[in-house]
Amino acid sequence: LLGQQAVGLDAAPLGAVGPAFDDRATARSIGLLLATVNRTQDGVDLVRRQARVDAEAVFREVLRRSPDCPDALAQLALLVSERGRADEARFLVSQALTTRPDYPELHTVRGVLLAREGRTAEARAALEEALAIAPGYQPAHRQLARLGRG
């Protein structure tokens, strides 16, 4: 009790202090998440404007702060794959899938990467996995159509 009074807590029960701490921690977490989402979107916008070098730098910046951000990992995987760095691309999407195996987007990106390597059967399997998670996911349907279903 003396220790609690020394730090200004008096004899307040833990529950009386806990919610304020939880709210601040939650607010910080939400702020970090929003910053990550916004910065990842900045990278996507750069890709759309054909500023791929700048986009790669943005995705790497996001990953320095949030190493498990699945969207940044997926976008970076697509970019490095375009530059012929297939091993790095596969590693990045694999890393994303370890934290978010339920994201159809990640399985679709994996399918695209495999297709770029000419590994059509594996690409098709990855795309089918995306559709098993989300049957109406149109990007996976479009990629399958590009590969041909047979």
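Residues numbered from 1 in each chain as written. Predicted model: local features only at pLDDT ≥ 70, side-chain atom pairs only at ≥ 80, totals over all residues. Heavy atoms only, no water.

*Asks:* What exactly am I supposed to notice about the packing of helix 4 (residues 70-82) against helix 5 (residues 86-99) here?
*Replies:* Between two packed helices, what matters for the description is the angle formed by their axes and the separation of those axes. One can describe the packing of helix 4 onto helix 5 by two numbers: an axis separation of 8 Å at closest approach and a directional angle of 165°. Judged on the interaxial angle alone, helix 5 and helix 4 are roughly antiparallel. In the packing of helix 4 onto helix 5, the handedness of the crossing is left-handed. Across the interface between the two elements, Pro70, Leu73, Leu76, Ala77, Val80 and Ser81 from helix 4 touch Glu88, Ala89, Leu92, Val93, Gln95 and Ala96 from helix 5. Taken together, the residues of the contact of helix 4 with helix 5 break down into nine nonpolar, two polar and one charged. (Axes fitted to C-alpha atoms, helices over the stretch in contact; angles between N-to-C directions. Helix = DSSP H or I, 4+ residues; strand = E, 2+ residues; numbered from the N terminus. Parallel < 35°, antiparallel > 145°, perpendicular 65-115°, else oblique. Left-handed = near helix turned anticlockwise from the far one by under 90°. Contact = heavy atoms within 4.5 Å. Nonpolar A, V, L, I, M, F, W, Y, C, P; charged D, E, K, R; others polar.)

*Asks:* It is not clear to me how unusual backbone geometry should be interpreted in this structure. Could you clarify?
*Replies:* For residues that are not glycine, phi is negative in most cases, and the peptide bond is trans in most cases. Despite not being glycine, Gln50 shows a phi value in the positive range, around 65°. Among the secondary structure elements, Gln50 is positioned in the loop between helix 2 (14-48) and helix 3 (52-65).

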